[in-house]
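Chain by chain, the residues:
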Amino acid sequence: MLGIDLGGKRALVAGVGDDRGYGWAIAKALAAAGASICVGTWPPVLGVFRKSIERGRLDLSLPGGGELAIEKIYPLDAVYDTRSEVPDELSTNKRYKDLEAFTVQEVADTIRADFGESCLDVIVHSLANGPEVHSALIDTSRAGYLAAVSASAYSLVSVLRRIGPLLRPGGAVVSLSYLAAERVIPGYGGGMSSAKAALESDTRTLAFEVGRRWGVRVNAISAGPLASRAARAIGKIDRMVEYYQENSALGGVNSAADVAHAAAFLCSPLAAGVTGVTLHVDNGYHAMGMVAQSQLVASGTEVRATGGDRVRGGGAGRTTPEGPPA
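To start, this report covers the structure provided alongside it. (Residues numbered from 1 in each chain as written. Predicted model: local features only at pLDDT ≥ 70, side-chain atom pairs only at ≥ 80, totals over all residues. Heavy atoms only, no water.)

A few points about the nonpolar core
Of all hydrophobic cores here, the largest spans 48 residues; its most connected members are V13, L30, I37 and I221. Contributions of two or more residues to this core are made by β1 (10-14), α1 (22-32), β2 (36-41), α2 (43-54), β4 (120-125), β5 (167-177), β6 (217-223) and α8 (256-266). Take this core: its biggest share by element is eight residues, from α1. Beyond its immediate stretch of four places on either side in the chain, V13 contacts G23, A27, L30, I37, C38, V39, G40 and V124. The next biggest cluster of nonpolar side chains, apart from the first, holds 28 residues, and it includes L120, V159, I163 and V210. (Core = buried A, V, L, I, M, F, W, Y, C linked by side-chain atoms within 4.5 Å. Buried < 20%, exposed > 50% of the residue type's maximum accessible area, 1.4 Å probe, protein only. Helix = DSSP H or I, 4+ residues; strand = E, 2+ residues; numbered from the N terminus. Contact = heavy atoms within 4.5 Å.)

Observations regarding the packing of helix α5 (residues 142-162) against helix α6 (residues 192-214)
As a packed pair, α5 and α6 sit with axes 9 Å apart at the nearest point and diverge in direction by 15 degrees. Here α6 runs roughly parallel to α5, going by the angle between their axes. In the packing of α5 onto α6, the handedness of the crossing is right-handed. Facing Y145, A148, V149, S152, A153, L156, V157 and L160 of α5, the residues of α6 in contact are M192, S194, A195, K196, A198, L199, D202, T203, L206, V210 and W214. A per-class count over the contact of α5 with α6 returns 14 nonpolar, three polar and two charged. (Axes fitted to C-alpha atoms, helices over the stretch in contact; angles between N-to-C directions. Parallel < 35°, antiparallel > 145°, perpendicular 65-115°, else oblique. Left-handed = near helix turned anticlockwise from the far one by under 90°. Nonpolar A, V, L, I, M, F, W, Y, C, P; charged D, E, K, R; others polar.)

Notes on helix α4 (residues 104-115)
Between its first and last C-alpha atoms α4 spans 17 Å; for twelve residues at 1.5 Å apiece the expected length is 16 Å, and the two agree. Buried residues in α4 make contact with β1, β3 (70-75) and α5. Downstream of α4 by a residue or two, G116 has a phi angle that is positive, lying close to 90 degrees. (Expected span 1.5 Å × (residues − 1).)

Quick look at the pairing of β6
Of all seven residues in β6, seven are buried, a share of seventy percent or more. Relative to β6, β5 runs parallel, the two sharing six bridges. Bridge pairing in β6 links L176 to I221. Bridge count between β6 and strand β8 (residues 278-281): four bridges; the pairing is parallel. Each residue of the ladder has a partner; that of S222, found in β8, is H280. (Pairing = 2+ DSSP bridges.)

Points about the packing of α1 against α8
At a minimum axis distance of 8 Å, the contact between α1 and α8 shows a crossing angle of 50 degrees. In terms of their interaxial angle, α1 and α8 are classed as oblique. When the axes of α1 and α8 are compared, the crossing they make is right-handed. For the pair α1 and α8, the contacting residues are Y22, A25, I26, A29 and L30 in the first and A256, V259, A260, H261, A263 and A264 in the second. Taken together, the residues of the contact of α1 with α8 break down into ten nonpolar, one polar and no charged.

Examining the packing of aromatic side chains
Aromatic rings considered in pairs are described by the distance between their centres and by the relative angle of their planes. Evaluation of the coordinates by the stated rule reveals five aromatic pairs. Seen in terms of ring centroids, Y243 and Y285 are 6.1 Å apart; in terms of plane orientation they differ by 70 degrees. Their pairing is edge-to-face. You can see Y243 sitting in helix α7 (residues 237-247) and its partner Y285 sitting in the loop between β8 and α9 (293-298), a full 42 residues away along the chain. Since its relative accessible area comes to 14%, Y285 is described here as buried. Note on Y244 and Y285: the rings are 4.0 Å apart at their centroids and 25 degrees apart in plane angle, and the pair reads as stacked. Here Y285 lies in the loop between β8 and α9 and Y244 lies in helix α7, a separation of 41 residues in the sequence. Across from the ring centre of F115, 3.8 Å away, lies the NZ or CZ of R10, which sits over that ring. Above the plane of the ring of W214 lies R213, whose end atom (NZ or CZ) is 6.0 Å from the centre. (Phe/Tyr/Trp six-rings, centres within 6.5 Å; stacked < 30°, edge-to-face > 60°. Lys NZ or Arg CZ within 6 Å of the ring centre and 35° of its normal.)

As structure tokens, this is what we get:
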């Protein structure tokens, strides 16, 4: 039987703050396939996240049995590459001041100290933030636009530049994107659509550069909407989920598990020849060229929403889980 085997592999899933987002689902899928899991968590939610694990408030169950065991939790704010870039007001913030390391370079150095060189096989980038996501693009400030691109797109470049050297040859990188990179999604503003377009473009370029430099594959998943805490910052996530449910090719909306299983495949030896790809995991919504539900009903054709019972919840935080990326 052909299966996904990640035994002996170590994954870093950057952007996990609770058990309701894509990052958490991917961590569980990778663990179920045999990988050991480290996570990167945005400092403002770090304390709550750790306490939730300690008090058994998170769903640790793995498909097929067993529980998720997190090898190490790293504070990570991927907006900052080095400590010298951190503003004084943030350094003295109560959520940051006691942390010895949280910038991308510091996390890279800590992982190296913990596990040595060539210690990673998988990096999952589940990081995004758009401080002006409620604003139309035309009303977005320069600062808001650049913040969205920094947190949601350049963060992948930074993570690969600084943590990527720890990947073993044959390793894999997966990031999370959204259809707004390709098409207009009203309400998904603040430069986030531009950031996701940059993320997908960078995926292709990095696939070449990282592939030739380290023998590592780089792919993205364009996931359908998920009613996560992060996505609720958009304010229209329930309507977006409903629209996908009515108009996707399969009917219904993808679950977090659907995205997680696709990520596990992309990170596995079964996808050894796949790189530079943005894989849509959205029940085929991206393929549709017109509204399905009303047109089919109007013509008297029966509509079968096969996936309507698969809508799930997920997500949390700023540079945190996706769905759709906030």
